[in-house]
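# Architecture and fold: a report
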Amino acid sequence: VSRIVNCITEAIFTVDDYRPGSRQGTDGDSFVTFQTSMMSSTKEIARTAQDIVIQSSNEPDALGNLATHISTCYQQLANDAKRASQGTSSAEMGQRIRVSVQELGQATIELVKATGSCQIAPKDSHVLRDVSENWHMRDREL
């Protein structure tokens with residue numbers, strides 16, 4: 001769990017990374033291209049989060065792979081969000097993209113932590129409730 005949380009945390013910081021050499025060009029891709037990719041990643045994150053809630057009570061052994069997958073999807077989203085925010089002509093729009101994606105990253109971290117707790121204590125009703133509550137928080141953000 002800590003490795004996955006670290007990957008998501010690094011991706012959160014990537015969204016706002018403006019150090020020299022960290023600014024990637026858009027490689028000819030348009031804002032719409034990044035927006036489309038961001039939507040795909042967001043939908044996959046939502047689907048995976050729903051799978052986590054379902055598997056938390058049915059098959060807790062599957063949660064590790066799902067947590068890894070949601071982390072990978074979030075990393076892709078963060079990279080696309082960074083590039084989209086750099087490619088927009090509106091500073092305000094760029095800021096909204098970065099903040100939204102970073103908030104989603106924080107929610108993803110909480111879901112992954114709850115998932116780890118569920119793997120440790122799969123029959124604990126409090127842990128199962130935490131997984132479900134983190135999904136509902138994520139659902140509101142999406």
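Residues numbered from 1 in each chain as written. Predicted model: local features only at pLDDT ≥ 70, side-chain atom pairs only at ≥ 80, totals over all residues. Heavy atoms only, no water.

### Quick word on the overall build of the protein
On a plain count of helices and strands, the protein comes out with five helices and zero strands. Overall, the protein shows an N-to-C arrangement of helices and strands of α-α-α-α-α. (Helix = DSSP H or I, 4+ residues; strand = E, 2+ residues; numbered from the N terminus.)

### A few points about helix α1 (residues 2-15)
Counting along an α-helix, one turn takes 3.6 residues, and residues three or four places apart therefore face a common direction. Taking 1.5 Å per residue, 14 residues should reach 20 Å; α1 reaches 20 Å between its end C-alpha atoms and fits that length. Within α1, burial applies to Ile4, Val5, Ile8, Ala11, Ile12 and Val15. One side of α1 holds all its buried residues, which, seen down the axis, span an arc of 125°. Turned more than 90 degrees away from the buried face of α1 sit Ser2, Arg3, Glu10 and Phe13, all of them exposed. Lining the buried residues of α1 we find α3 (63-87) and α4 (91-120). (Expected span 1.5 Å × (residues − 1). Buried < 20%, exposed > 50% of the residue type's maximum accessible area, 1.4 Å probe, protein only. Arc of directions from axis to C-beta. Contact = heavy atoms within 4.5 Å.)

### Regarding the pattern of salt bridges
Summed over the entire model, instances satisfying the criterion amount to five salt bridges. Ionic pairing is found between Glu92 and Arg96, a salt bridge with its closest N-O pair at 3.2 Å. Residue Glu92 and its partner Arg96 are both found in helix α4; the two are separated by four residues, about one turn of the helix. Looking at Arg96, the relative accessible area reads 46%, which means it is partly exposed. (Salt bridge = Lys/Arg side-chain N within 4 Å of Asp/Glu carboxyl O.)

### What about helix α2 (residues 31-58)?
Between its terminal C-alpha atoms α2 stretches 40 Å, which fits the 40 Å expected from 28 residues at 1.5 Å a residue. For α2, the complete set of buried residues consists of Phe34, Met38, Ser41, Thr42, Ile45, Ala46, Thr48, Ala49, Ile52, Val53 and Ser56.

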